[in-house]
Amino acid sequence: MVTVSDTQVTWLTQDAYDRLKHELDEKIENRAVIATRINDSREEGDLKENGGYHAAREEQGQQEARIRHLQELLRSAKVGEAPKNDGLAEPGKILTVRYDGDDQDEKFLLATREEGAEGGLDVYSPDSPLGKALLGAKEGEARSYTLPNGNSQKVTLVKAVPYAV
């Protein structure tokens, strides 16, 4: 039995899971098409100067990488388990934050890019410096995180509500 730690679990709505599963199924079905394209290009002659062959091999590599990524993502996904509306910052919630020294709030979804792929909302990973700093914060709580330039940034969680499509 494989166990997955909380940091590797991906929270997905049922719609996002279905969309990603459909993409995975299409890519798996398309394997034969690319294999045929590679074989057809190979029969054209010298592989050193065969652009079609190399392009098909590159496409195959990218597709296989995406298939592996989707398989792992879907294997570790929590589906349809929307987080509670308890005011805590956690994956699957829309967070409203205010940065120290700024008078405007910023709103984003704390989740994977796949989850927020169809919405107009920015998506921040729970593994990002900001995401890690905010995980578990309560509304009104201030946290700090390190910026890429080495400076520290203070951010306050204004609101945390479950994401709904």
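The text that follows walks through the structure, step by step, so that each part is easy to find. Keep in mind it's a predicted model, so treat the numbers as computed, not measured.

Turning to the pairing of strand E6 (residues 142-146), a few remarks are in order. Where E6 meets strand E7 (residues 152-162), 5 bridges bridge the pair, whose relative direction is antiparallel. In the sheet register, Tyr145 faces E7, and the bridge partner there is Gln153. Here E6 folds back onto E7, and the loop between the two strands holds 5 residues, one of which, Gly150, carries a positive phi near 95°.

A separate point is the packing of helix H2 (residues 31-42) against helix H3 (residues 51-75). Between H2 and H3, the shortest axis-to-axis distance is 8 Å and the interhelical angle comes to 160°. With respect to H3, the element H2 is oriented roughly antiparallel. Here H2 runs over H3; the crossing is left-handed. Facing Arg31, Ile34, Arg37, Ile38, Ser41 and Arg42 of H2, the residues of H3 in contact are Gly52, Tyr53, Ala56, Arg57, Glu59, Gln60, Gln63, Glu64 and Ile67. Looking at the contact of H2 with H3, its residues break down into 5 nonpolar, 4 polar and 6 charged.

The next subject is the sheet that holds strand E4 (residues 105-110). The mixed open sheet is built from 5 strands, whose spatial order is E5-E4-E3-E7-E6. The outermost strands of the open sheet, each flanked by one partner alone, are strand E5 (123-124) and E6. Bridge analysis of E4 against E5 gives 2 bridges, and the strand direction is parallel. Across the sheet, residue Leu109 finds its bridge partner in E5, namely Val123.

In this structure, Leu95, Val97, Phe108, Leu130, Leu134, Val155 and Leu157 are the most contacted members of the largest nonpolar core, which totals 14 residues. Ala16, Ile67, Leu73 and Leu74 belong to the second largest nonpolar core, which has 9 residues in total.

Turning our attention to H3. Given a rise of 1.5 Å per residue, 25 residues ought to cover 36 Å, and the 36 Å separating the end C-alpha atoms of H3 matches this to within 8%. For H3, the complete set of buried residues consists of Tyr53, Ala56, Gln63, Ile67, Leu70, Leu73 and Leu74.

Below, the discussion takes up the packing of aromatic side chains. Here a ring pair, both rings aromatic, is described through the centre-centre distance and the interplanar angle of the planes. As enumerated under the stated definition, the model contains 1 aromatic pair in all. With a centroid separation of 4.3 Å and 35° between ring planes, the pair formed by Phe108 and Tyr124 is classed as tilted. Of the two residues, Phe108 sits in strand E4 while Tyr124 sits in strand E5, which places them 16 residues apart along the sequence. Looking at Phe108, the relative accessible area reads 0%, which means it is buried. The class of Tyr124 is partly exposed, set by a relative accessible area of 22%.

All right, on to the environment of Ser128 then. Summarising the element assignment, Ser128 is placed in the loop between E5 and helix H4 (129-134). Sequence spacing of Ser128 and Tyr145 is 17 residues, and the spatial spacing of their C-alpha atoms is 10.0 Å.

As a further point, take the packing of helix H1 (residues 14-29) against H3. Running from amino to carboxyl end, H1 crosses H3 at an angle of 145°, the nearest separation of the two axes being 10 Å. Both H1 and H3 take part in a crossing whose hand is left-handed. Note on element contacts: H3 touches H1 through Gln63, Arg66, Ile67, Leu70, Gln71, Leu73 and Leu74, opposite Tyr17, Leu20, Lys21, Glu23, Leu24, Lys27 and Ile28. Looking at side-chain class alone, the contact of H1 with H3 contains 8 nonpolar, 2 polar and 4 charged residues.

Parameters at a glance
Residues numbered from 1 in each chain as written. Predicted model: local features only at pLDDT ≥ 70, side-chain atom pairs only at ≥ 80, totals over all residues. Heavy atoms only, no water. Pairing = 2+ DSSP bridges. Helix = DSSP H or I, 4+ residues; strand = E, 2+ residues; numbered from the N terminus. Axes fitted to C-alpha atoms, helices over the stretch in contact; angles between N-to-C directions. Parallel < 35°, antiparallel > 145°, perpendicular 65-115°, else oblique. Left-handed = near helix turned anticlockwise from the far one by under 90°. Contact = heavy atoms within 4.5 Å. Nonpolar A, V, L, I, M, F, W, Y, C, P; charged D, E, K, R; others polar. Core = buried A, V, L, I, M, F, W, Y, C linked by side-chain atoms within 4.5 Å. Buried < 20%, exposed > 50% of the residue type's maximum accessible area, 1.4 Å probe, protein only. Expected span 1.5 Å × (residues − 1). Phe/Tyr/Trp six-rings, centres within 6.5 Å; stacked < 30°, edge-to-face > 60°.

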